[in-house]
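# Secondary and tertiary structure notes
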Amino acid sequence: MASAADTSGLVSLPVVIGSGCLTVVLLSALFVVRREAARRKEMELEAEAVPTHKVDKEKYPGGLITIYYATQTGTSESFAQQIEREAADNGFYVSIVDMEDIDIPYITAEEQQDED
């Protein structure tokens, strides 16, 4: 009888180890899926928070111009402001954006708006 009990104990050991490994794998997969879902939801919320510009065609017949600049000394910022003044004088609605202040959802929303 002792040998029969030892054999059943040895058979169940691989089952216990296998079910433990499967549990770890499934919990890891669940963690990854939840993290990805949270990341996607966060990206959607950021994309919704991106400002959109509705341009009055009567007031701004030239349409919308978005000027992106990056600067260390301020030269490109002042040049962007000069372009803004000249474009406004010629019927354009101008938006100036510092590259340091933007992220990917903002650029994507701007591109989609330009296509409309």
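Refer to the preceding data block for the structure.
Residues numbered from 1 in each chain as written. Predicted model: local features only at pLDDT ≥ 70, side-chain atom pairs only at ≥ 80, totals over all residues. Heavy atoms only, no water.

## With respect to the overall build of the protein
A tally of helices and strands in the protein yields three helices and two strands. The linear arrangement of helices and strands in the protein, starting from the amino end, is α-β-α-β-α. Within the protein, contacts between residues at least 6 apart in sequence are counted, and of these 70% link residues at least 24 apart. Summing over all exposed atoms, the protein offers an accessible surface of approximately 9,200 Å²; the carbon and sulfur share of this is 59%. (Helix = DSSP H or I, 4+ residues; strand = E, 2+ residues; numbered from the N terminus. Contact = heavy atoms within 4.5 Å. Areas by Shrake-Rupley, 256 points an atom, 1.4 Å probe, with all protein chains shown as cover.)

## Topic: the side chain of aspartate 98
Considering the arrangement of structural elements, one finds aspartate 98 in strand 2 (residues 92-98). Although aspartate 98 is buried, it makes no salt bridge; arginine 85 carries the closest opposite charge, 16 Å away. Leave out the neighbours within four places in its chain, and aspartate 98 touches Tyr69 and Ala70. (Buried < 20%, exposed > 50% of the residue type's maximum accessible area, 1.4 Å probe, protein only. Lys, Arg positive; Asp, Glu negative; His and termini not counted. Salt bridge = Lys/Arg side-chain N within 4 Å of Asp/Glu carboxyl O.)

## Considering the pairing of strand 1 (residues 63-69)
Of the strand pairs in this sheet, strand 1 and strand 2 are connected by seven bridges, and their pairing is parallel. Pairing of isoleucine 65 across the sheet is with valine 94, part of strand 2. The parallel pair strand 1 and strand 2 is bridged by helix 2 (residues 75-89), and the resulting crossover is right-handed. (Pairing = 2+ DSSP bridges. Right-handed = clockwise from strand over helix to strand, strands pointing away.)

## Quick look at the nonpolar core
By size, the foremost hydrophobic cluster in this structure holds five residues: Ile67, Tyr69, Ala80, Ala87 and Val94. Every element with two or more residues in this core is listed here: strand 1 and helix 2. (Core = buried A, V, L, I, M, F, W, Y, C linked by side-chain atoms within 4.5 Å.)

## Here's the deal with the packing of aromatic side chains
Under the counting rule described, the total for this entry stands at one aromatic pair. On the basis of an interplanar angle of 70° and a centroid distance of 5.2 Å, the ring pair of tyrosine 60 and tyrosine 93 is categorised as edge-to-face. Taken together, the residues span a long stretch of sequence, with tyrosine 60 in the loop between helix 1 (2-48) and strand 1 and tyrosine 93 in strand 2 at a distance of 33 residues. Since its relative accessible area comes to 22%, tyrosine 60 is described here as partly exposed. (Phe/Tyr/Trp six-rings, centres within 6.5 Å; stacked < 30°, edge-to-face > 60°.)

Taken by themselves, the reported measurements are silent on function.
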